[in-house]
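Chain and residue survey
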Amino acid sequence: ETGVTQTPRHLVMGMTNKKSLKCEQHLGHNAMYWYKQSAKKPLELMFVYSLEERVENNSVPSRFSPECPNSSHLFLHLHTLQPEDSALYLCASSQDYSPVYEQYFGPGTRLTVT
Amino acid sequence: RKEVEQDPGPFNVPEGATVAFNCTYSNSASQSFFWYRQDCRKEPKLLMSVYSSGNEDGRFTAQLNRASQYISLLIRDSKLSDSATYLCVVNYNAGNMLTFGGGTRLMVKP
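1. Examining the overall build of chain A
For chain A, the count of helices and strands is zero helices and 11 strands. Along chain A, helices (α) and strands (β) appear in the sequence β-β-β-β-β-β-β-β-β-β-β when read from the amino end. Its C-alpha atoms give chain A a radius of gyration of 13 Å, near enough to 13 Å, the size a compact globule of 114 residues would have. Counting the 114 residues in chain A, one finds 48% classified as buried. Excluding contacts between residues fewer than 6 apart, the proportion of contacts in chain A whose partners are at least 24 apart in sequence is 55%. In the structure as shown, chain A presents an accessible area of about 5,400 Å², 47% of it carried by carbon and sulfur atoms. Of note, chain A has its 10 positive side-chain charges centred 12 Å away from the centre of its 11 negative side-chain charges.

The structure is reproduced here in structure tokens:
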């Protein structure tokens, strides 16, 4: 498989559930990102990892917990979410954490919190 | 004030038309600029970077005006396949933290 893949593609969860989103990149990149895209709002950067170290945490509530076990995998652990957390969650990767490198996005996980 | 501001549209144009989008950004320290394209229910994909001297890629021309803090995208000879949302993106720091505008929706009609 090539590029950036995300699983699951769709997820419905209750507010008391715990779930995880998975992202995998097959591009040999060193930086990975989580974004949130809500209806009628711009994409918002949530977290950045470079060489498996978190380099940015964009004031995201603690009910979202990222994990980067190696340079190819990125997880977003979810617990006690709110209905307003329903959104498209996009993962991206780039060669390195430098503005000269293009970010490649995965297809996203569409999350609905009931 | 939004950091990156775009007219949401939609811009409805006939095939073959020329259409232009503008985008303004608030942080004068912005370092790099991009246009991304996002098709309905798909992920964003880089369309082109925007350089200070302006740049062209086929039917697409991007321009940057640092003094006025705006970026433009011109599409010539529009195709049906150009229908999408065009995202203006700005990078403020030395890393790769992108700030996205809300997007401008383009619909090209036969």
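2. Remarks on the sheet that holds strand E6 (residues 55-57) of chain B
Residue and element names in this part refer to chain B. Spatial strand order, E1-E3-E8-E7-E6: five strands in an open sheet with antiparallel pairing. Of all the strands in the sheet, just strand E1 (4-6) and E6 have a single pairing partner and so form its edges. For this sheet the average axis-to-axis angle between neighbouring strands, irrespective of direction, equals 20°. Relative to strand E8 (residues 70-75), strand E7 (residues 60-65) is paired through six bridges, and the arrangement is antiparallel. Across the sheet, asparagine 65 pairs through a bridge with tyrosine 70, a residue of E8.

3. Focus on the side chain of B:Thr104
Residue and element names in this part refer to chain B. Along the chain, the position of threonine 104 falls in strand E11 (residues 104-109). A residue is classified by how much of its surface remains accessible, and threonine 104, at 1% relative accessible area, is buried. A polar contact of 2.6 Å, which involves the side chain of threonine 104, links it to the backbone oxygen of aspartate 7.

4. Re the interface of chain B and chain A
Taken together, the contacts link 19 residues of chain B with 22 residues of chain A. Between chain B and chain A the total buried area reaches about 1,600 Å² when both faces are included, carbon and sulfur atoms providing 56% of it. Summed over the three residues of chain B that lose the most area to chain A, namely B:Asn96, B:Met97 and B:Phe100, the buried surface amounts to 36% of that side. Counting across the interface, chain B meets chain A through zero salt bridges. Here chain B is connected to chain A by six residue pairs in polar contact (both at pLDDT 80 or more). The element best represented in the side of chain B that touches chain A is strand E4 (residues 32-38) of chain B, accounting for four residues. A per-class count over the side of chain B that touches chain A returns nine nonpolar, eight polar and two charged.

5. A closer look at the pairing of strand E5 (residues 44-50) of chain A
Residues and elements named next belong to chain A. Burial analysis of E5 places six of its seven residues in the buried class, the great majority of the element. Note that strand E4 (residues 31-37) and E5 share six bridges and pair antiparallel. Residue tryptophan 34 lies in a different strand from E5, and its bridge partner there is phenylalanine 47. Taking the residues that link successive antiparallel strands as the turn, the E4-E5 hairpin has six residues, and the phi of lysine 40 there is positive, at about 65°. For E5 and strand E6 (residues 53-57), the ladder comprises four bridges, and the chain directions are antiparallel. Each bridged residue has a counterpart across the sheet, and for serine 50 the counterpart in E6 is glutamate 53.

Quick notes on the rules
- Residues numbered from 1 in each chain as written.
- Chains lettered and ligands numbered in written order.
- Predicted model: local features only at pLDDT ≥ 70, side-chain atom pairs only at ≥ 80, totals over all residues.
- Heavy atoms only, no water.
- Helix = DSSP H or I, 4+ residues; strand = E, 2+ residues; numbered from the N terminus.
- Rg over C-alpha atoms; globule rule 2.2 N^0.38 Å.
- Buried < 20%, exposed > 50% of the residue type's maximum accessible area, 1.4 Å probe, protein only.
- Contact = heavy atoms within 4.5 Å.
- Areas by Shrake-Rupley, 256 points an atom, 1.4 Å probe, with all protein chains shown as cover.
- Lys, Arg positive; Asp, Glu negative; His and termini not counted.
- Charge placed at Lys NZ, Arg CZ, Asp CG, Glu CD.
- Pairing = 2+ DSSP bridges.
- Axes fitted to C-alpha atoms, helices over the stretch in contact; angles between N-to-C directions.
- Polar contact = N/O pair within 3.5 Å; in protein donor to acceptor, adjacent residues only side chain to side chain.
- Buried area = accessible area lost by both parts, 1.4 Å probe.
- Salt bridge = Lys/Arg side-chain N within 4 Å of Asp/Glu carboxyl O.
- Nonpolar A, V, L, I, M, F, W, Y, C, P; charged D, E, K, R; others polar.

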